[in-house]
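# Commentary on secondary and tertiary structure
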Amino acid sequence: MKIVVIGGSGLIGSKLVGNLGARGHEVVPASPKTGVNTLTGDGVAEALAGADVVIDVSNSPSFEDTAVLKFFETSTRTLLAAASDAGVGHYVALSIVGCDRIPDSGYMRAKVAQEKLIVAAGIPYSVVHATQFFEFLQGIIDTATDGDTVHLAPVLIQPMAADDVAAAVADVAVGTPTNAVVEIAGPEQFRLDELGRSVLASQQDPRSVVTDPGARYFGATLGERSLVPADGARLAATSLDDWRARAARAT
């Protein structure tokens, strides 16, 4: 199959390109770096010509509320129109577990808007909701830091490795369109505050974590299960300890 990966030069996109290529598919990485701009439309029709599957794992360059909404709406409309013209048989998008449960986050609202456009387009689709990545735990901690303390809510989180995200998205992409949401997650649940302490301890970071039920997550208020999937999610194999060992070997 010819599979076009939108955002093919990013963290997940580059892993997807490698994963699908190893399975014997013709994979086209598409991003501004390769001359494909989903905001202006430049290069989009050419990239999607003859494609069987389109996978959108692109991300907004700005997380400001208005900018991120404009990005996902404009980009998705451009891609859906081109996919329809090209006769694409499966449109896949990577989104976020809990995006519909965190309405005070502009980024999450933008992802929900993206999904609504996909569902309404009439193209066979699959939307993959992934939990947070191990690779981004440091960013969560840094964003929640005030001086030498880190304020984290004691809510559940079930992170996963980026390699596992890419593998799961690839599995969905080469399968039959679900015309629904598929949830994927890591094999272990943690409390966010406890996970923060574990991450800092593993790095011998002197910052301390304050358990703060009112702490915000990238500006958003969290519920107990905002960041974890429902029953029936596809669980990846890589544990936190496995991921840490793999990361240590790579350095």
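This text follows the structure it describes.
A brief report on the enclosed structure follows. As the structure is a computational prediction, the values presented were derived from the model and not from experiment. (Residues numbered from 1 in each chain as written. Predicted model: local features only at pLDDT ≥ 70, side-chain atom pairs only at ≥ 80, totals over all residues. Heavy atoms only, no water.)

The next point concerns empty space enclosed by the protein. Following the criterion strictly, the structure yields two cavities of 30 Å³ or more and no others. Its boundaries defined by the atoms lining it, the largest cavity holds a volume of some 50 Å³. Surrounding the largest cavity, Ile140, Thr143, Ala144, Leu152, Ala153, Leu192, Ala215, Arg216, Tyr217, Phe218 and Leu222 form its lining. Its residues assigned to classes, the lining of the largest cavity shows nine nonpolar, one polar and one charged. Space inside the second largest cavity adds up to approximately 30 Å³. Every residue along the wall of the second largest cavity is listed here: Leu137, Ile140, Ile141, Leu152, Leu192, Leu195, Gly196 and Val199. For the lining of the second largest cavity, the secondary-structure elements that each account for two or more residues are α5 (137-143) and α7 (192-202). Residue contributions to the lining of the second largest cavity peak at four residues, all from α7. Class assignment of the residues belonging to the lining of the second largest cavity gives a composition of seven nonpolar, one polar and no charged. (1 Å grid on protein atoms, 1.4 Å probe; cavity = no way out; pocket = protein on both sides within 12 Å on 5 of 7 lines; lining within 4 Å. Points joined across faces, edges and corners; volume = space filled by probe spheres on them. Nonpolar A, V, L, I, M, F, W, Y, C, P; charged D, E, K, R; others polar. Helix = DSSP H or I, 4+ residues; strand = E, 2+ residues; numbered from the N terminus.)

The next point concerns the environment of Met108. Here Met108 is to be found in helix α4 (residues 106-120). Along the chain, Met108 and Thr178 lie 70 residues apart, while their C-alpha atoms are 22 Å from each other. Residues within four places of Met108 in sequence aside, it is in contact with Ile96, Cys99 and Ile102. (Contact = heavy atoms within 4.5 Å.)

This paragraph deals with the side chain of Glu183. Looking at the element boundaries, Glu183 is found in strand β9 (residues 181-185). Of the buried charged residues, Glu183 lacks a salt bridge, with Arg101 as the closest side chain of opposite charge at 4.6 Å. A polar contact is formed between the side chain of Glu183 and the backbone nitrogen of Ala230, at a distance of 2.8 Å. The residues touching Glu183, leaving out its near neighbours within four places in the chain, are Val97, His129, Pro229, Ala230, Ala233 and Arg234. (Buried < 20%, exposed > 50% of the residue type's maximum accessible area, 1.4 Å probe, protein only. Lys, Arg positive; Asp, Glu negative; His and termini not counted. Salt bridge = Lys/Arg side-chain N within 4 Å of Asp/Glu carboxyl O. Polar contact = N/O pair within 3.5 Å; in protein donor to acceptor, adjacent residues only side chain to side chain.)

We now examine the layout of surface pockets. Counted as a void, the largest pocket has a volume near 1000 Å³. Asn59, Phe63, Ile96, Tyr107 and Phe136 are the residues nearest the centre of the largest pocket, which is lined by 40 residues in total. Among the elements of the structure, α1 (11-22), β4 (90-96) and α4 are those that each provide at least two residues to the lining of the largest pocket. When residues of the lining of the largest pocket are assigned to their parent elements, the largest contribution, four residues, is made by α4. Split into classes, the residues belonging to the lining of the largest pocket amount to 23 nonpolar, 15 polar and two charged.

In this section: the pairing of strand β1 (residues 2-6). A regular strand places its side chains so that they alternate between the two faces of the sheet. With five of its five residues buried, β1 lies for the most part within the structure. Where β1 lies against strand β2 (residues 26-30), five bridges are found, and the strand directions are parallel. Bridge assignment links Lys2 to a residue of β2, and that residue is Glu26. You can see the chain leave β1, run along α1 and come back into β2, and the turn it takes is right-handed. By the bridge criterion, four bridges tie β1 to strand β3 (residues 53-56) in an arrangement that is parallel. Across the sheet, the residue bridging to Val4 is Val54, located in β3. (Pairing = 2+ DSSP bridges. Right-handed = clockwise from strand over helix to strand, strands pointing away.)

A rise of 1.5 Å per residue sets the reference length of α1, with its twelve residues, at 16 Å; its end C-alpha atoms lie 17 Å apart and thus fit the reference within 8%. Taken together, the buried residues of α1 touch β1, β2, β3, β4 and α6 (162-173). Residue Gly24 follows α1 closely and has a positive phi angle near 95°. (Expected span 1.5 Å × (residues − 1).)

Strand order in the open sheet formed by three strands is β6-β7-β11, with mixed pairing between adjacent strands. Looking at strand neighbours, the two that pair on one side only are β6 (145-146) and β11 (208-211), the edges of this open sheet. Both strand β7 (residues 149-152) and β11 contribute to a ladder of four bridges, which runs parallel. Of the residues in β11, the one forming a bridge with Val150 is Val209. In the packing of α7 onto the sheet, contacts are made with β7 and β11, and the angle to β11 comes to roughly 175°. (Axes fitted to C-alpha atoms, helices over the stretch in contact; angles between N-to-C directions.)

In the structure shown here, the tally under the stated rule is ten salt bridges. Of the charged contacts, one joins Asp65 and Arg109 as a salt bridge, the two residues approaching to 3.4 Å between their closest N and O atoms. Taken together, the residues span a long stretch of sequence, with Asp65 in helix α3 (residues 65-86) and Arg109 in helix α4 at a distance of 44 residues. Across the pair Arg246 and Asp163 runs a salt bridge whose closest N-O atoms are separated by 3.3 Å. In this pair, Arg246 is assigned in helix α8 (residues 240-250) and Asp163 in helix α6, connecting sequence segments 83 residues apart. Each of Lys15, Asp163 and Arg246 takes part in salt bridges that share partners, so that together they form one network.

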